Amino acid sequence: MSFSQKMDENSLKLGPGLPRRTTIDYEGAIIGAGPYGLSAAAHLRASGISVRVFGEPMAFWAQKMPEGMLLRSPRVASNISDPTHMFTLESFETAFGKPPNAPVPLGTFVDYGKWFCKHFSEDLDQKNVVSIRPERQGFVVVLESGDNLRVQRVVVAAGIGPFKRTPDVFKHLDSALASHCYDGRSVRSFAGRRVAVIGAGQSALESAALLHEAGAEVEVIAKIPHLRWIGMHQWLHKLGPISSLLYSHHDIGPAGISRLVAMPNVLRHLPLELRDKIRIRAVRPAGSQWLPERLTKVKVSTGRMVTDARAVGDGVRMKLDDGSERSAHHVLMGTGYSVDIDKYEFMSPELLKGVQLFDGYPVLTSGFCSSVPGLHFIGATAARSFGPLLYFVTGTEFASRQLTSYITRNRNR
Ligand SMILES: Cc1cc2nc3c(=O)[nH]c(=O)nc-3n(C[C@H](O)[C@H](O)[C@H](O)COP(=O)(O)OP(=O)(O)OC[C@H]3O[C@@H](n4cnc5c(N)ncnc54)[C@H](O)[C@@H]3O)c2cc1C
């Protein structure tokens, strides 16, 4: 039976509002078809739980990341988890005769995610979800088409798209003059233009390299005193069993912290202050090892902040905190993101009201369940509870297993 047939049969009209159903359409709805949503779908389905995944597969990676980007995570930490471990990055490359490149090119990862999705596509609906509201027996999920369905549980795997951080000083500028790295602009359009890149994290530094290679005149402006590079102590990775004590295969964070990050269930029980320190240290702004060489010809101003920015002619005139000035045709902000689930427009106010938060992150139980029974959050929104593993694709294994085990145990509650 098709989804729409099922909906028609179940629908009872309740006045002028939404059709109401007498039965549950699915046990779970997953919002977002990125690595977390797809992985959760694979695990839940294998446990016999009926789920529907919403959204265009891998849309964030395909549309919002800089063209030509390389993944910062190692190959072994770039697998989307499925319960059989059959759908790894390596299986995809073998199936399509692709070379096992390291670092992994963005295009390969997007194709891998879409291939992964094909194996679990029966339960995919590419439409976006526009609203979720609670009701007595679960939730009503409304799609952009106007269709709606009733589910017992909702798993929010909607990523970080709405959370991009725009410093106040650039907020008033038109998007043609100032944009965020996560707006996924093609670097080619900046050939021959002057571009100021703000920030010192992977996105900022990689975008600076790509812009420079595309023929733009680039300056990186960063408030930290020196640029930092990930994995500069390679010798620590070559000490055999000692290295394994210092680093986990996820490779998130420096020696020692990397091991803690790999234990999200331990992190969850640490005091919030300590958990935050570990999280912030593990993902502090830094660029991958392959970037310094590509940035040798790029001007870098560290220890500086932009204090004023205004549109002048066809560009932007900026003042820095040392009194110097810069002008550029475009400002590209690699200024990261701040999780704030209020910014998920599909969350109805009545639903949001019930979600207990710390600084925009939902407070979660061991099964990624929020304070609203049946409402789960996976991916970056879970990082305040479980640590920085959840910011990365490699966290899909932990999240999907934990979520599935919780839902299986609490199925009819
Ligand atoms: C520039 C950059 C580089 C990165 N590099 C790496 C890396 O090398 N390795 C790594 O592990 N991580 C990297 N990350 C982090 C990366 O974003 C996460 O690891 C990954 O995307 C998490 O997957 P996700 O499924 O939670 O989110 P996403 O991949 O963002 O997927 C969420 C999906 O939900 C969809 N969605 C949102 N709202 C709705 C709605 N209402 N209805 C339907 N669908 C919706 C979105 O369109 C999106 O496709 C990088 C991030 C950035 C910005």
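Values in this document were obtained by computation on a predicted structure and should not be read as measured data.

What counts, and at which threshold
Residues numbered from 1 in each chain as written. Predicted model: local features only at pLDDT ≥ 70, side-chain atom pairs only at ≥ 80, totals over all residues. Heavy atoms only, no water. Helix = DSSP H or I, 4+ residues; strand = E, 2+ residues; numbered from the N terminus. Salt bridge = Lys/Arg side-chain N within 4 Å of Asp/Glu carboxyl O. Buried < 20%, exposed > 50% of the residue type's maximum accessible area, 1.4 Å probe, protein only. Near = heavy atom within 4 Å. Polar contact = N/O pair within 3.5 Å; in protein donor to acceptor, adjacent residues only side chain to side chain. Areas by Shrake-Rupley, 256 points an atom, 1.4 Å probe, with all protein chains shown as cover. Pairing = 2+ DSSP bridges. Axes fitted to C-alpha atoms, helices over the stretch in contact; angles between N-to-C directions.

Q: Break down the environment of arginine 259 for me, with residues and values.
A: Relative to the helices and strands, arginine 259 is located in helix α8 (residues 257–261). For the pair arginine 259 and leucine 246, spaced 13 residues apart in sequence, the C-alpha separation works out to 6.2 Å.

Q: Explain the pattern of salt bridges to me, and be specific about the residues and the numbers.
A: Within this structure, the stated rule accounts for 21 salt bridges. Across the pair aspartate 125 and lysine 127 runs a salt bridge whose closest N-O atoms are separated by 3.3 Å. Classification of lysine 127 as partly exposed rests on a relative accessible area of 25%. Where aspartate 321 meets arginine 304, a salt bridge forms, and the shortest distance between an N and an O atom there is 2.8 Å. Of this pair, aspartate 321 sits in the loop between β14 (315–320) and β15 (325–328) while arginine 304 sits in the loop between β12 (299–302) and β13 (306–312), and the two are 17 residues apart along the sequence. For aspartate 321, a relative accessible area of 40% corresponds to the partly exposed category. Salt bridges sharing common partners tie together Asp276, Arg279, Asp359 and Arg384.

Q: I'd love a proper account of the site of the ligand, names of residues and values included.
A: Taken together, 26 residues form the shell around the ligand, and within it Tyr36, Arg72, Ser73, Val129 and Val393 come nearest. Measuring from a nitrogen atom of the ligand, one finds a side-chain N or O atom of serine 73 at 2.5 Å. A distance of 3.1 Å separates an oxygen atom of the ligand from a polar backbone atom of tyrosine 391. Contact with the protein chains removes 88% of the 960 Å² of surface that the ligand exposes when unbound. Where the shell around the ligand is concerned, the elements lending two or more residues are α2 (35–46) and α3 (59–64).

Q: Let's hear about the sheet that holds strand β16 (residues 330–333): which residues, and what values?
A: The strands that make up a sheet pair up through hydrogen bonds in the backbone, lying either parallel or antiparallel. Read across the sheet, five strands follow the order β9-β16-β10-β11-β12 without closing on themselves; strand pairing throughout is parallel. With one partner strand each, in any of the chains shown, β9 (178–180) and β12 form the two edges of the open sheet. Direction aside, the axes of adjacent strands within the sheet are offset by 20° on average. For β9 and β16, the ladder comprises three bridges, and the chain directions are parallel. Residue pairing for β16: alanine 178 is matched across the bridge by valine 331.

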